[in-house]
Amino acid sequence: MNLKFIKRGIILATLTSSILIPVCQVQAADAVSLVTVPQQNRVVVLDKTLVNVVEEMRSDVAMETTIKIESAEELQLKEKLAGYAFAILGGDDYLVVYREAAEESEVAGKVFANSTLEIVTKEADWSEVKSGNIVGYVQTEKLLSGKKAIERAKEILTEKYQDKDIHTLDKEEIDAAFTVGETVEEEIARLAAEEAARIAAEEARKEAERQALMQRGQSVVDYARQFLGNPYVYGGQSLTRGTDCSGFVRSVYKNFGIYLPRTSYSMRSVGRAVSYSEILPGDIVCYSGHVGIYAGNGQIVNAIDEAHGIGMSNARYSNIITIRRMF
């Protein structure tokens, strides 16, 4: 037989002595078992038990009473969660709240999966709601309220506080588990702040990378400067007995486990190109027929010629073809 139940009333009592209640069904709170008792029989409920009595009417006029026994903690938790409502999102990321009860009106804000709402007025098609600083309207069919909202709230709390019994949570902890909606103005401000934070993080990352590159490049320069004053020898590759420009750069970098091609022309394609505005100590500076290592302060350390040997030169003494970074 199909049953249609209509809630008739709720009685909550703390019993100080045994009572006799005529019922046809008795259900322990949060328990799986359901005890069916003949209508003419009685059920004895022991002392000091919290009883939530719900009287319901069956469609064939016969009266049935369900006794649901719930712990004090469960009843207190439900009382704390009674005012919460949630949005039914379906497959969307958020639910739009409109300034008026029409989709053609301006958007007041958005509510998300764990955003709580307060239902101000509830109508068949549209309901007025509040969430955070949002006041507006949503379609009533997209609202989760009452018992279903309480169950949804309990799910969120259980997920949020996996190491705690949710019945022991205070109001502050409960509120912290939920978000509230976001007005259009708040969304604009949040997105701007997120973009500013992203830019700042990217700049910090680049600066950290730059500092690391400078340290490595400076190590190359410090090593190269040890050989200042040593002779220039065309075709040579000895940092002490004599080397030419490409041999000098090649031998310096070999000390750091980086093996470069032999000629200054071939070095134009090694590593990665950087602009002069990005140049750092250790970068290889390539000219027509010459190459050196940038040493900072607009200078390069290089094997100049037979008259000058290994020395320092102005980095812009001639047209720069390319600057190559090896790290």
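Presented here is a report on the structure given in the accompanying data block. These numbers come from a predicted model, not from an experiment.

Another point: helix H1 (residues 72-81). Looking only at H1, the buried set comprises Glu74, Leu75, Leu77 and Leu81. Relative to the axis of H1, the buried residues are bounded by an arc of 160° and lie together on one face.

The next thing to look at is the sheet that holds strand E18 (residues 272-274). What the six strands build is an open sheet, ordered E18-E23-E19-E20-E21-E22; its pairing is antiparallel. Each end of this open sheet is capped by a strand with a single partner; those strands are E18 and strand E22 (309-314). In this sheet, neighbouring strand axes are inclined to one another by 40° on average, regardless of whether the strands run parallel or antiparallel. In terms of strand pairing, strand E19 (residues 284-287) meets strand E23 (residues 322-325) through three bridges, oriented antiparallel. Looking across to E23, one finds that Val285 is bridged to Ile323. Along the sheet, helix H4 (residues 184-225) contacts E18, strand E20 (290-296), strand E21 (299-305), E22 and E23; its crossing angle with E20, the most-contacted strand, is approximately 115°. Taken strand by strand, helix H5 (residues 245-254) contacts E19, E20, E21 and E22, and its axis lies near 50° from that of E20.

Using the criterion set out here, one finds eight aromatic pairs in the structure. The interplanar angle of 55° and the centroid separation of 4.9 Å between the aromatic rings of Tyr84 and Phe178 together place this pair among those described as tilted. Placement of the pair is Tyr84 in the loop between H1 and strand E8 (85-87) and Phe178 in the loop between helix H3 (171-177) and strand E15 (182-183), with a sequence separation of 94 residues. Classification of Phe178 as buried rests on a relative accessible area of 8%. An angle of 90° between the planes, with centres 5.8 Å apart, marks the rings of Tyr223 and Phe256 as edge-to-face. Residue Tyr223 is located in helix H4, and its partner Phe256 is located in the loop between H5 and E18; the two are separated by 33 residues in the primary sequence. Here Phe256 falls in the partly exposed class, since its relative accessible area comes to 31%. Taken together, Tyr84, Phe86 and Phe178 form an aromatic cluster joined through their ring pairs. A cation over an aromatic ring shows up here: Lys110 above the ring of Tyr94, its NZ or CZ 4.1 Å from the ring centre.

Attention now goes to empty space enclosed by the protein. Inspection of every chain in the model, using the stated rule, returns one cavity of 30 Å³ or more. Here the largest cavity is characterised by a volume of approximately 30 Å³. Taken together, Leu213, Tyr253, Leu280, Pro281, Gly282, Asp283, Arg325 and Phe327 form the lining of the largest cavity. When the residues that make up the lining of the largest cavity are grouped by side-chain class, the tally is five nonpolar, one polar and two charged.

Where burial is concerned, most of strand E12 (residues 126-131) is hidden: five out of the six residues are buried. Taken together, the four bridges between strand E11 (residues 116-122) and E12 define a ladder with antiparallel strand orientation. When the bridges of E12 are listed, Ile119 appears paired with Val129. In this structure, the hairpin formed by E12 and strand E13 (residues 134-139) is closed by a connection of two residues, where Gly132 is found at a positive phi of approximately 65°.

So, about the environment of Gly217. Locating Gly217 in the fold gives a position in helix H4. Classification of Gly217 as buried rests on a relative accessible area of 0%. As a C-alpha pair, Gly217 and Gly296 span 79 residues in sequence and 9.9 Å in three-dimensional space. What Gly217 contacts, discounting residues up to four positions off in sequence, is Pro281, Gly282 and Phe327.

This part covers the pattern of salt bridges. Applying the stated rule across the entire model yields 15 salt bridges. Of the charged contacts in the structure, one is a salt bridge between Glu185 and Arg99, with a shortest N-O distance of 3.8 Å. A residue pair is termed long-range when its members are at least 10 positions apart, and Glu185 in helix H4 and Arg99 in the loop between strand E9 (94-98) and strand E10 (107-112) qualify at 86 residues. You can call Arg99 partly exposed: its relative accessible area is 35%. Across the salt bridge formed by Arg325 and Asp283, the nearest N and O atoms sit 3.0 Å from each other. Pair noted here: Arg325 is in strand E23 and Asp283 is in the loop between E18 and E19, with a separation of 42 residues, a long-range link. Residue classification places Asp283 among the buried residues on the basis of a relative accessible area of 2%.

Rules behind the numbers
- Residues numbered from 1 in each chain as written.
- Predicted model: local features only at pLDDT ≥ 70, side-chain atom pairs only at ≥ 80, totals over all residues.
- Heavy atoms only, no water.
- Buried < 20%, exposed > 50% of the residue type's maximum accessible area, 1.4 Å probe, protein only.
- Helix = DSSP H or I, 4+ residues; strand = E, 2+ residues; numbered from the N terminus.
- Arc of directions from axis to C-beta.
- Pairing = 2+ DSSP bridges.
- Axes fitted to C-alpha atoms, helices over the stretch in contact; angles between N-to-C directions.
- Contact = heavy atoms within 4.5 Å.
- Phe/Tyr/Trp six-rings, centres within 6.5 Å; stacked < 30°, edge-to-face > 60°.
- Lys NZ or Arg CZ within 6 Å of the ring centre and 35° of its normal.
- 1 Å grid on protein atoms, 1.4 Å probe; cavity = no way out; pocket = protein on both sides within 12 Å on 5 of 7 lines; lining within 4 Å.
- Points joined across faces, edges and corners; volume = space filled by probe spheres on them.
- Nonpolar A, V, L, I, M, F, W, Y, C, P; charged D, E, K, R; others polar.
- Salt bridge = Lys/Arg side-chain N within 4 Å of Asp/Glu carboxyl O.

Everything listed here is a matter of coordinates, which is why it stays silent on function.
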